[in-house]
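Chain by chain, the residues run as shown.
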Amino acid sequence: MSEDDERQQSPPSDLEFVSNKARNCNATGSGSGHPEFQSTYPDQVLENVLENMLHFLTSRRDRNAASLVCKSWYRVEALTRSELFIGNCYAVSPGRATARFTRVKALHLKGKPRFADFNLMPPDWGAHFNPWALAMAKAYPWLEKVHLKRMSVTDDDLATLAELFLGFKELVLVCCDGFGTSGLAIFVSKCRQLKVLDLIESEVSDDETDWISCFPEGESNLESLIFDCVECHINFEALERLVARSPSLKKLKLNRYVSIGQLYRLMVRAPQLTHLGTGSFSPSDIAGQGDQEPDYVAAFAACRSLVCLSGFREIIPDYLPAIYPVCANLTSLNFSYANITAEQLKPIISKCHKLQTFWVLDSICDEGLQAVAATCKDLRELRVFPVDAREDSDGPVSEVGLQAISEGCRKLQSILYFCQRMTNAAVIAMSKNCPDLVVFRLCIMGRHRADPVTGEPMDDGFGAIVMNCKKLTRLAVSGLLTDKAFDYIGRHGKLVRTLSVAFAGDSDMALKYVLEGCPQLQKLEIRDSPFGDAALRSGLHHYYNMRFLWMSSCRLTRHGCQEIARAMPRLVVEVIRSADEEEMDDVVGTLYMYRSLEGPRTDAPKFVTIL
């Protein structure tokens, strides 16, 4: 493949980056066959100027566009990348990525599509980090940072990072699996310059290894330690010593095996924290009955820099007043694990005038959301999760809470809202009151639920969102929706990049409206909707511009999917069966399509057929 061909085929959103400081202008090849360090040729002068100019171009999309200007820009832009973002680990091979980008210090890599979080993908599908770890060990011995999302990471991979990258400083694993506490023990014991270890919503197996005590002795460089997802006991005494010798520690998020009494001891040793995950927020079962209760209020009052508060697992609400002293400074508050009521929330939220991000369970009811709307005038992001996610449950939040939020929090930019009932009027009100919305995800948990007041579909509500919220880039739709709603999205959702659809639409026309009308669409995930082969064919003009298309429990056939595979040879078309299905029949249960420079992957399991 020629350089021009590769440049034209490179996925627009799967390979992105931010720049590092400009290198020494003299240390650049001319790009015209002349030796390095000569500065008399115009094309070399241009490349030297470009290197300095690209230092100021930090937007991933802007720099990606710059690389398409010409061969010279393409070459210099690759030389000035220090951070490499790959939105699909199968869009490009590790070898191709490391050969083109030779000076990378940080890698951001994504694996499985989002629907894997909802058990819609067999667990052994792929997205292995190992090939990337080995390739980077050869190409980037100076690598400092790795951020992975929905990747399979082994203990050996963690050992590779620790042993082969001597200056390694930052590891963030989001929704990853495949590793355990023994792998963490090896990793932390050998990373002497480690600043960040963030384990977020990842599955960590309990190997009965005391990984916390494996951090090297002496003063630690740790700035962030997040392990709230680790479902096993930890050596608290070792953690306490680690916190005490980490003067730069700003972020600490604890798992549910850390009691509120232990939290107190950590806070006393780290009053400089800005982000705190509290752990269980209840006393330990082994605490002595006669022990004097620590002064939790004083401990929180001493943490004057605290702006982000989360945790509250296994919460005992009687301890909530302890956080009152920090509420006035909070910009982020996460109660998504705290089953609290509106009455318990009100005295807290009434003090949170600076709050910009708020996650909470629907146990606070509409009344609690009304209290949020009355106080949090600067709120930018709201997520309301269900305590009971069953479709037939009685949801405690409704259109009343949504409308209150739209009227009180007019700076809102992102909302995720789970409920059992919703009206078009409330959604229309939000579209008018919150025109700066970038993300709107409304999850009506009951299938095909109409407006409970008018009995009409929810078409007009979602239509108002795409018409009035001109900045909208992410949309999740639910409830009773006809093709009319998708016509609205196709005509007005010109900036929509991610669309999630479940149990919606009447016919193939719905999907056709979206694929023909949304030019910026990158990620499209659909489940349990009546879209078939004709709908799939309507996107032939656009699939090469997308990161992926996911369709499960729709009306696709093997023949229709094969047509797409033949028409678009650079598109990988995967048909995924359940692990217990022996052979693929003509009805396709799950389709996952993505663009790749490499063609079909070589690590596909038996339940994946690549057409």
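- The name an unreviewed UniProt entry gives the chain is Transport inhibitor response 1-like protein, with Gossypium australe as the organism.
- Quoted straight from UniProt, the Subcellular location (unreviewed entry) entry for the chain says "Nucleus".
- Check the Subunit (unreviewed entry) section of the UniProt entry for the chain; it says "Part of a SCF (SKP1-cullin-F-box) protein ligase complex. May interact with auxin and auxin-responsive proteins."

1. Re the packing of helix H9 (residues 236–244) against helix H10 (residues 260–269)
Here comes step 1: H10 packs onto H9 with a crossing angle of 20° between their chain directions and a minimal axis gap of 9 Å. Classed by the angle they form, the pair H9 and H10 counts as roughly parallel. Crossing hand, H9 versus H10: right-handed. Across from Phe-236, Leu-239, Glu-240, Val-243 and Ala-244 in H9, the residues of H10 making contact are Gln-262, Arg-265, Leu-266 and Arg-269.
Here comes step 2: Residue classes in the contact of H9 with H10 are distributed as 5 nonpolar, 1 polar and 3 charged.

2. Some remarks on the state of the cysteines
Here comes step 1: Taken as a whole and judged by the stated rule, the model has 0 disulfides.
Here comes step 2: In this structure Cys-327 is not part of a disulfide, and its nearest cysteine sulfur, from Cys-352, lies 4.2 Å away.
Here comes step 3: No disulfide involves Cys-469; its sulfur sits 7.6 Å from the nearest other cysteine sulfur, which is in Cys-434.
Here comes step 4: In this structure Cys-469 comes out as buried when scored by relative accessible area, which is 2%.

3. Focus on the pattern of salt bridges
Pairs can form between side chains of opposite charge once their charged atoms are near each other.
Here comes step 1: Applying the stated criterion to the full structure yields 25 salt bridges.
Here comes step 2: The residue Arg-383 makes a salt bridge to Glu-381 at a minimum N-O spacing of 2.8 Å.
Here comes step 3: Arg-383 sits in the partly exposed class, given a relative accessible area of 22%.
Here comes step 4: Here Glu-381 falls in the buried class, since its relative accessible area comes to 17%.
Here comes step 5: Across the pair Lys-484 and Asp-460 runs a salt bridge, and its minimum N-O distance is 3.3 Å. Taken together, the positions of Lys-484 in helix H17 (residues 483–492) and Asp-460 in helix H16 (residues 459–468) put the pair 24 residues apart, joining distant regions of the chain.
Here comes step 6: Each of the salt bridges in this network shares a partner with another, and the network as a whole consists of Glu-231, Arg-256 and Glu-314.

4. Thoughts on the packing of aromatic side chains
Here comes step 1: Using the criterion set out here, one finds 22 aromatic pairs in the structure.
Here comes step 2: Aromatic side chains Trp-211 and Phe-227 sit 5.7 Å apart centroid to centroid with 85° between the ring planes, which places their arrangement in the edge-to-face category. Taken together, the positions of Trp-211 in the loop between strand E8 (204–205) and strand E9 (224–226) and Phe-227 in the loop between E9 and H9 put the pair 16 residues apart, joining distant regions of the chain.
Here comes step 3: A residue is classified by how much of its surface remains accessible, and Trp-211, at 1% relative accessible area, is buried.
Here comes step 4: Exposure remark for Phe-227: the relative accessible area of 0% places this residue in the buried category.
Here comes step 5: Taking the centre distance of 5.7 Å and the plane angle of 80° together, the rings of Tyr-296 and Tyr-319 count as edge-to-face. Taken together, the positions of Tyr-296 in helix H11 (residues 296–302) and Tyr-319 in the loop between strand E12 (308–310) and strand E13 (332–335) put the pair 23 residues apart, joining distant regions of the chain. Across the pair, Tyr-319 and Tyr-296 agree in class, each one buried.
Here comes step 6: Positioned above the aromatic ring of Tyr-337 is the side chain of Arg-313, whose terminal nitrogen or guanidinium carbon lies 3.8 Å from the ring centre.
Here comes step 7: We note Arg-570 situated over the ring of Tyr-544; from NZ or CZ to the ring centre the distance is 4.5 Å.

What counts and what doesn't
Residues numbered from 1 in each chain as written. Predicted model: local features only at pLDDT ≥ 70, side-chain atom pairs only at ≥ 80, totals over all residues. Heavy atoms only, no water. UniProt positions renumbered as here; feature names shortened; annotations may be inferred. Axes fitted to C-alpha atoms, helices over the stretch in contact; angles between N-to-C directions. Helix = DSSP H or I, 4+ residues; strand = E, 2+ residues; numbered from the N terminus. Parallel < 35°, antiparallel > 145°, perpendicular 65-115°, else oblique. Left-handed = near helix turned anticlockwise from the far one by under 90°. Contact = heavy atoms within 4.5 Å. Nonpolar A, V, L, I, M, F, W, Y, C, P; charged D, E, K, R; others polar. Disulfide = S-S within 2.5 Å. Buried < 20%, exposed > 50% of the residue type's maximum accessible area, 1.4 Å probe, protein only. Salt bridge = Lys/Arg side-chain N within 4 Å of Asp/Glu carboxyl O. Phe/Tyr/Trp six-rings, centres within 6.5 Å; stacked < 30°, edge-to-face > 60°. Lys NZ or Arg CZ within 6 Å of the ring centre and 35° of its normal.

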